Amino acid sequence: MTMQEKIERINELYHKSQKEGLTEEEKREQKQLREDYIASVRNNLRSQLNNVNIQSEDGTIENLGKKYGNKTKH
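Got a minute to help me understand helix α1 (residues 3–19) in this structure?
Every α-helix winds through 3.6 residues per turn, so residues three or four apart in the chain are directed the same way. In this model α1 runs 24 Å from its N-terminal to its C-terminal C-alpha over 17 residues, within 8% of the 24 Å that 1.5 Å per residue would give. Where α1 is concerned, the buried positions are Lys6, Ile10 and Leu13. Down the axis of α1, the smallest arc covering the buried residues is 70 degrees, so these residues share one side. Structural note: α1 exposes Gln18 and Lys19 on the side pointing more than 90 degrees away from its buried face. Along its buried surface, α1 packs onto α2 (24–49). Positive phi appears at Gly21, one or two residues downstream of α1, with a value of about 90 degrees.

Here's what the structure looks like:
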């Protein structure tokens, strides 16, 4: 299932929960889909931040991913 399909399913389940409520199985599915989505967002952000370079006043460039990356994950 692609991330777009997961987002669409999360939205479907949300709207269904507002109209008629969810079964226990649907609640578990919704929770898992949300966790997958959040993990994906975190991984994408971490990947972007690991590719940030800072140029110091002396002209040296430091990659923040190499300096701070690969720390403990949430």
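So what exactly am I meant to see when it comes to the pattern of salt bridges here?
For side chains of opposite charge, pairing can occur when their charged atoms come near one another. Counting across every chain of the model gives 6 salt bridges. Salt-bridge contacts for Glu12 lead to Arg9; the nearest nitrogen and oxygen are separated by 3.2 Å. Remark: Arg9 and Glu12 occur in helix α1; sequence separation between them is 3 residues, near one turn of the helix. Taking the relative accessible area as the measure of exposure, Arg9 reaches 23% and is therefore partly exposed.

Help me understand a nonpolar patch on the surface in this model?
A cluster of nonpolar side chains, namely Tyr37, Ile38 and Val41, defines an oily patch on the protein surface of about 250 Å² accessible area. Positionally, Tyr37 belongs in helix α2.

Looking at this structure, how should I read the packing of α1 against α2?
When two helices pack together, their arrangement is given by the angle between their axes and by how far apart the axes lie. Packing of α1 against α2 leaves a shortest axis separation of 10 Å and a crossing angle of 140 degrees. Comparing their axes, α2 and α1 come out oblique. Like other packed secondary-structure pairs, α1 and α2 cross with a definite hand, here left-handed. Residue-level inspection shows Met3, Lys6, Ile7, Arg9, Ile10, Leu13, Tyr14 and Lys16 of α1 in contact with α2, the latter providing Glu26, Glu29, Gln30, Leu33, Arg34, Asp36, Tyr37 and Ser40. Per-class residue counts for the contact of α1 with α2 are 7 nonpolar, 2 polar and 7 charged.

Rules of the game
- Residues numbered from 1 in each chain as written.
- Predicted model: local features only at pLDDT ≥ 70, side-chain atom pairs only at ≥ 80, totals over all residues.
- Heavy atoms only, no water.
- Helix = DSSP H or I, 4+ residues; strand = E, 2+ residues; numbered from the N terminus.
- Expected span 1.5 Å × (residues − 1).
- Buried < 20%, exposed > 50% of the residue type's maximum accessible area, 1.4 Å probe, protein only.
- Arc of directions from axis to C-beta.
- Contact = heavy atoms within 4.5 Å.
- Salt bridge = Lys/Arg side-chain N within 4 Å of Asp/Glu carboxyl O.
- Patch = residues over 30% accessible without salt bridge, like charges linked within 9 Å, V, L, I, M, F, W, Y side chains within 5 Å.
- Areas by Shrake-Rupley, 256 points an atom, 1.4 Å probe, with all protein chains shown as cover.
- Axes fitted to C-alpha atoms, helices over the stretch in contact; angles between N-to-C directions.
- Parallel < 35°, antiparallel > 145°, perpendicular 65-115°, else oblique.
- Left-handed = near helix turned anticlockwise from the far one by under 90°.
- Nonpolar A, V, L, I, M, F, W, Y, C, P; charged D, E, K, R; others polar.

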